[in-house]
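Each chain is listed here by its residues.
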Amino acid sequence: MIELRIDGDVAHVVLNNPAKLNALDEAALRSLDTAYADAEAAGVRALVLRGEGRAFCAGRDISGVDPATDDVRGYLAGLLTPLLKRMARFPAPTFAAAHGACLGVGLGLLIATDVVYVADTAKVGSPFAALGATLDSGGHALFYERLGAHRTLDLIYSGGLLSGEEAVRLGLFSRSVPAAEVHEAVSAAALAAASGPTAAFVESKRIIALLREDRAGLWETVAAENLAQEALRDTADYREGFAAFQEKRRPDFTGR
């Protein structure tokens, strides 16, 4: 079950199927896609993704799946990949609170989120060796980018899992916090971002996407930054930020 709650300028998307550790079947992927579309239509200025129960998301729900007839490509390419793209391109800062199992598709959801706070006791990795399958949802790209080829293949071959604390130390995610505090910490971070110059944040998000997708080197990035700064010059938040600095007061940003 996927829940969407909007609290002021912040959307909260909740994976709420704790009996299955928030594993996602095709219907859940469609519901999650709808939740992000509805949050975007509501014009929120930040979004939080989290899971209920003992885990963030244990991956794909394969209970009852027959490997002989399973349309795995339809699940991954037809449903999951478009969802991950929607998440990554959400037009506001996005945050995730990750605890317990963060595996497979669950790892993919985190990769598609801007900022991830992970519980120190969370479990992150590629347990697919036990299934005769391989890491998906962008996991190869994240691990290779941050860990290099040897450590990535070691994790994949062994099926070993990283704790949340280890994952942050290795640069996979943003911050590691005690499990009991992760939801509160992420909500506070999202609320702070929502009160900031979100139009400027979205420009930074777009520039980082160019880098992550290998569509920009140093000077292409500088050019993109220059264009973004010029576009922001015409926003109300840009003018407000300059005025607040000059008047030695706290800025009042509106996201416009």
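Everything that follows concerns the structure shown earlier in this document.
Quantities reported herein were computed from a predicted structural model and do not represent experimental measurements.

Asker: Help me understand the overall build of the protein chain, please; the structure alone is not making it clear to me.
Answerer: Each helix and strand counted, the protein chain has nine helices and nine strands in total. By the compact-globule yardstick of 18 Å for 256 residues, the protein chain fits well, its C-alpha radius of gyration being 19 Å. If you line up the protein chain on its principal axes, its C-alpha atoms span 65 × 40 × 35 Å. Looking at the protein chain as a whole, 42% of its 256 residues are labelled buried. Pairs at least 24 apart in sequence give 68% of the contacts found in the protein chain among residues at least 6 apart. Here the protein chain has roughly 13200 Å² of accessible surface; of this, 55% comes from carbon and sulfur atoms. Considering the protein chain, the positive charge centre built from 26 side chains and the negative charge centre built from 33 side chains are found 2 Å apart.

Asker: Please explain the layout of surface pockets as it appears in this structure.
Answerer: Any space left empty among the atoms is revealed by the rolling of a water-sized probe across them. Put simply, the largest pocket is a space of about 1200 Å³. Of all the secondary structure elements, the ones that give two or more residues to the lining of the largest pocket are helix 2 (72-88), helix 3 (105-111), strand 6 (115-119), helix 4 (139-158) and helix 7 (198-212). A per-element tally of the lining of the largest pocket places helix 7 first, with eight residues. Split into classes, the residues belonging to the lining of the largest pocket amount to 21 nonpolar, eight polar and ten charged. Reported here for the second largest pocket is a volume of approximately 480 Å³. Along the walls of the second largest pocket sit 21 residues, with Arg 60, Ile 62, Phe 128, Leu 131 and Ala 133 positioned nearest its centre.

Asker: Explain the sheet that holds strand 1 (residues 2-7) to me, please; I cannot follow it from the model alone.
Answerer: Strand-to-strand pairing in sheets goes through backbone hydrogen bonds, with the strands running parallel or antiparallel. Strand order in this open sheet of six strands is 1-2-3-4-6-9, and the pairing throughout is mixed. Across the chains shown, the open sheet's two edge strands, defined by having one partner strand only, are strand 1 and strand 9 (175-177). Averaged over all neighbouring strand pairs, the angle between strand axes comes to 20°, with direction disregarded. Across three bridges, strand 3 (residues 46-51) lies against strand 4 (residues 94-98) in parallel orientation. From the neighbouring strand, Val 48 faces strand 4, where its bridge partner is Phe 95.

Asker: When you look at the sheet that holds strand 8 (residues 161-163) in this model, what are you seeing that I'm missing?
Answerer: The mixed open sheet is built from three strands, whose spatial order is 5-7-8. One side of each edge strand has no neighbouring strand; the edge strands of this open sheet are strand 5 (101-103) and strand 8. Put simply, the sheet's adjacent strands are angled 25° from each other on average, direction ignored. Across three bridges, the pairing between strand 7 (residues 123-125) and strand 8 is antiparallel. From the neighbouring strand, Gly 125 faces strand 8, where its bridge partner is Leu 161.

Asker: Looking at this model, I keep getting lost on a nonpolar patch on the surface. Mind explaining?
Answerer: A cluster of nonpolar residues, Ile 62, Val 65 and Leu 131, forms a patch on the protein surface that exposes about 250 Å² of accessible area. If you trace the backbone, Ile 62 turns up in the loop between strand 3 and helix 2.

Asker: Help me understand the packing of helix 7 against helix 8 (residues 218-232), please; the structure alone is not making it clear to me.
Answerer: Think of two packed helices as two axes; the pair is described by the angle between the axes and how far apart they sit. The N-to-C vectors of helix 7 and helix 8 enclose an angle of 165°; their axes lie 10 Å apart at closest approach. Taken together, the axes of helix 7 and helix 8 are roughly antiparallel relative to one another. Seen from above, helix 7 lies across helix 8 with right-handed handedness. Residue-level inspection shows Ala 199, Ala 200, Glu 203, Arg 206, Ile 207, Leu 210 and Leu 211 of helix 7 in contact with helix 8, the latter providing Thr 221, Ala 224, Glu 225, Ala 228 and Leu 232. Its residues placed into classes, the contact of helix 7 with helix 8 shows eight nonpolar, one polar and three charged.

Asker: Quick question: what am I supposed to make of the packing of helix 1 (residues 26-41) against helix 2 here?
Answerer: For the pair helix 1 and helix 2, the least separation of the axes is 10 Å and the interaxial angle reads 25°. On the basis of the axis angle, helix 1 is roughly parallel to helix 2. Here helix 1 runs over helix 2; the crossing is left-handed. Every residue of helix 2 that contacts helix 1 at Glu 26, Leu 29, Arg 30, Leu 32, Asp 33, Tyr 36, Ala 37 and Glu 40 is listed here: Tyr 75, Leu 79, Leu 80, Pro 82, Leu 83, Arg 86 and Met 87. When the residues that make up the contact of helix 1 with helix 2 are grouped by side-chain class, the tally is ten nonpolar, no polar and five charged.

What counts as what
Residues numbered from 1 in each chain as written. Predicted model: local features only at pLDDT ≥ 70, side-chain atom pairs only at ≥ 80, totals over all residues. Heavy atoms only, no water. Helix = DSSP H or I, 4+ residues; strand = E, 2+ residues; numbered from the N terminus. Rg over C-alpha atoms; globule rule 2.2 N^0.38 Å. Buried < 20%, exposed > 50% of the residue type's maximum accessible area, 1.4 Å probe, protein only. Contact = heavy atoms within 4.5 Å. Areas by Shrake-Rupley, 256 points an atom, 1.4 Å probe, with all protein chains shown as cover. Lys, Arg positive; Asp, Glu negative; His and termini not counted. Charge placed at Lys NZ, Arg CZ, Asp CG, Glu CD. 1 Å grid on protein atoms, 1.4 Å probe; cavity = no way out; pocket = protein on both sides within 12 Å on 5 of 7 lines; lining within 4 Å. Points joined across faces, edges and corners; volume = space filled by probe spheres on them. Nonpolar A, V, L, I, M, F, W, Y, C, P; charged D, E, K, R; others polar. Pairing = 2+ DSSP bridges. Axes fitted to C-alpha atoms, helices over the stretch in contact; angles between N-to-C directions. Patch = residues over 30% accessible without salt bridge, like charges linked within 9 Å, V, L, I, M, F, W, Y side chains within 5 Å. Salt bridge = Lys/Arg side-chain N within 4 Å of Asp/Glu carboxyl O. Parallel < 35°, antiparallel > 145°, perpendicular 65-115°, else oblique. Left-handed = near helix turned anticlockwise from the far one by under 90°.

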